[in-house]
Amino acid sequence: MPAASFRLPGASLFVETNEERLLVLARRLWEETAPAPRRDAELHAAWTATSGPRPELLPERRLTWTLLPEVYSAEIPGHLAARITFEPPSVVGAVSLSLLEAFPSTVARYLLEAPLAALLGARRHQPLHAGAVIGPRGAVVIRGGSGAGKSTLVAAAWQAGLGVLGDESLLVSREDPDDLSSTVRDLTLLPHAARLLGLETLCELAFSGGEEKRRIDLFPGATPSDRIARRRATVLLGPRTPGPARLVPLTPEEFVTEFRHGEIPQERATGNPDFVARAWSAARAFRLEGALDLPGAVSLIASL
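Q: Account for the side chain of T152, naming residues and giving values.
A: Within the element layout of this structure, T152 appears in helix 4 (residues 150-159). Ignoring anything within four residues of it in the chain, the contact list for T152 reads L189, A193, L196, L197 and L294.

Structure (structure tokens):
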């Protein structure tokens, strides 16, 4: 059975699979390293490709997650199943060849990216509900509550030429909170946001958070370097009143308080995001107001 070793943020991964194309997907996500014995890797994955029926147009519509104290599992009936065990840290998964051939990005998202992000988030990283865009000087983290406009702002920044680390969730190193990495590197929008930005022709159908959305597929052409970045600044989304858009510097106390407005329960499942807020509050911490002025907001993000 083919095997390979990879370097993930803060961890090593040993993979066994019966399908070389799954290793091709993995090489777009993580840096492959010299082969090492299985016992030397911190994380393990076993992926099996099997025969299966032809997938429907939007297979992720049937995706379900089961969350238990020691085990997560994901399933698309007839096509994909992944079991994430935290002790020992491992992923065992199976995927249909028909899904792999028709929707390789979907397989990468739900068999590779999300399960390994769950393992990393239970170890040396803090999962965070936030997006991030990347420029020449580093990453600007964008955080706000659900519906605050994170994905729209990230997509607009991408449209203006900035890179994307993620639009919904990140991993923050517990050892160095300015060290960021992707969970699932995605760009997923509500239909009205895709229309607002004029991105409909670049989008495919997606299903996320229980509703139909639009997705710009960032996976083709992706490289491991796209998934890591250093934080340059943090922007908390404030009132979306008419512009002009403006950045308001926050004191450490103000920042820590407003940072909590973007919190979701999953952040505390394996850790405590408060240490991230305290670390980031000391430098380049802002509130963005007037984000209805989207061009102005993007210009401010780019200036950081």
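Q: Break down the environment of R21 for me, citing the residues and quoting the values.
A: Looking at the element boundaries, R21 is found in helix 1 (residues 20-29). In sequence terms R21 and E101 are 80 residues apart; their C-alpha atoms lie 9.3 Å from each other. Not counting chain neighbours up to four residues away, the residues in contact with R21 comprise L97, L100 and E101.

Q: Explain the nonpolar core to me, using residue names and the numbers behind them.
A: By size, the foremost hydrophobic cluster in this structure holds 39 residues, and its most contacted members are F6, L13, W30, W47 and L111. For this core, the element with the highest residue contribution is helix 3 (residues 104-121), accounting for 10 residues. Sequence-distant contacts of L111, defined by excluding residues within four places in its chain, comprise L22, W47, L80, A81, A82, V91, G93, A94 and V95. Counting 32 residues, the second largest nonpolar core, distinct from the first, contains V140, A155, L199 and A291.

Q: So what about the sheet that holds strand 17 (residues 211-215)? Which residues, and what values?
A: A sheet is described by the order of its strands in space; here 3 strands give the open sequence 15-17-16, paired in antiparallel fashion. Two strands in the sheet have a free side with no partner beyond their single neighbour: strand 15 (188-189) and strand 16 (204-208). Direction of pairing for strand 16 relative to strand 17: antiparallel, over a ladder of 5 bridges. For F207, the partnering residue across the bridge sits in strand 17 and is E212.

Q: If you had to explain the packing of helix 4 against helix 8 (residues 294-303) to someone new, which residues and values would you point to?
A: For the pair helix 4 and helix 8, interaxial distance at closest approach is 10 Å and the crossing angle is 70 degrees. Overall, the two elements helix 4 and helix 8 adopt an arrangement that is roughly perpendicular. Seen from helix 4, the contacting residues are T152, L153, A156 and A157; seen from helix 8, they are L294, A297, V298 and I301. Tallied by class, residues from the contact of helix 4 with helix 8 come to 7 nonpolar, 1 polar and no charged.

Q: Kindly report on the pattern of salt bridges, identifying the contributing residues and their values.
A: Counted by the stated rule, this structure contains 25 salt bridges. Ionic pairing is found between E263 and R268, a salt bridge with its closest N-O pair at 2.6 Å. You can call R268 partly exposed: its relative accessible area is 35%. One network of salt bridges, with partners in common, ties together E60, R109, D186 and R215.

Q: Would you mind going over the packing of helix 1 against helix 3 in detail, with residue names and values included?
A: Between two packed helices, what matters for the description is the angle formed by their axes and the separation of those axes. For the pair helix 1 and helix 3, interaxial distance at closest approach is 10 Å and the crossing angle is 75 degrees. In terms of axis orientation, helix 1 runs roughly perpendicular to helix 3. Where helix 1 abuts helix 3, its residues L22, L25, A26 and L29 lie against P104, V107, A108, L111, L112 and E113. The residue makeup of the contact of helix 1 with helix 3, split by class, is 9 nonpolar, no polar and 1 charged.

Q: Which residues make up helix 6 (residues 252-259), and what values do they have?
A: For helix 6, every residue scored as buried is listed here: F255, V256 and F259. The buried residues of helix 6 all sit within an arc of 95 degrees when viewed along its axis, so they share a single face. The elements touched by buried residues of helix 6 are strand 9 (125-129), strand 11 (138-143), strand 18 (228-237), helix 7 (274-280) and strand 20 (285-289).

Q: Give me the lowdown on the packing of aromatic side chains, citing residues and values where you can.
A: The final tally for this structure, using the stated rule, is 4 aromatic pairs. Members of the aromatic cluster, connected to one another through ring pairs, are F255, F259 and W280. Above the plane of the ring of F259 lies R143, whose end atom (NZ or CZ) is 4.0 Å from the centre.

Q: Mind laying out the sheet that holds strand 4 (residues 43-50), listing which residues take part and the relevant values?
A: Taken together, the 8 strands give an open sheet; going across it, the order is 3-1-2-4-8-7-6-5, and neighbouring strands pair in mixed fashion. What marks the edges here is a single partner per strand, and that holds for strand 3 (31-33) and strand 5 (64-67). The average undirected angle you get between the axes of adjacent strands in this sheet is 20 degrees. Contacting strand 1 (3-8), strand 2 (11-17), strand 4, strand 5, strand 6 (71-76), strand 7 (80-85) and strand 8 (90-96), helix 3 crosses the sheet at an angle of about 10 degrees to strand 7.

Q: Can you lay out unusual backbone geometry for me, pointing to particular residues and giving the numbers?
A: A cis geometry characterises the amide bond from E87 onward to P88, with omega recorded as -5 degrees. Of note, P88 is situated in the loop between strand 7 and strand 8. Phi is positive for R284, which is not a glycine, with a value near 50 degrees. Along the polypeptide, R284 turns up in the loop between helix 7 and strand 20.

Conventions adopted
Residues numbered from 1 in each chain as written. Predicted model: local features only at pLDDT ≥ 70, side-chain atom pairs only at ≥ 80, totals over all residues. Heavy atoms only, no water. Helix = DSSP H or I, 4+ residues; strand = E, 2+ residues; numbered from the N terminus. Contact = heavy atoms within 4.5 Å. Core = buried A, V, L, I, M, F, W, Y, C linked by side-chain atoms within 4.5 Å. Buried < 20%, exposed > 50% of the residue type's maximum accessible area, 1.4 Å probe, protein only. Pairing = 2+ DSSP bridges. Axes fitted to C-alpha atoms, helices over the stretch in contact; angles between N-to-C directions. Parallel < 35°, antiparallel > 145°, perpendicular 65-115°, else oblique. Nonpolar A, V, L, I, M, F, W, Y, C, P; charged D, E, K, R; others polar. Salt bridge = Lys/Arg side-chain N within 4 Å of Asp/Glu carboxyl O. Arc of directions from axis to C-beta. Phe/Tyr/Trp six-rings, centres within 6.5 Å; stacked < 30°, edge-to-face > 60°. Lys NZ or Arg CZ within 6 Å of the ring centre and 35° of its normal.

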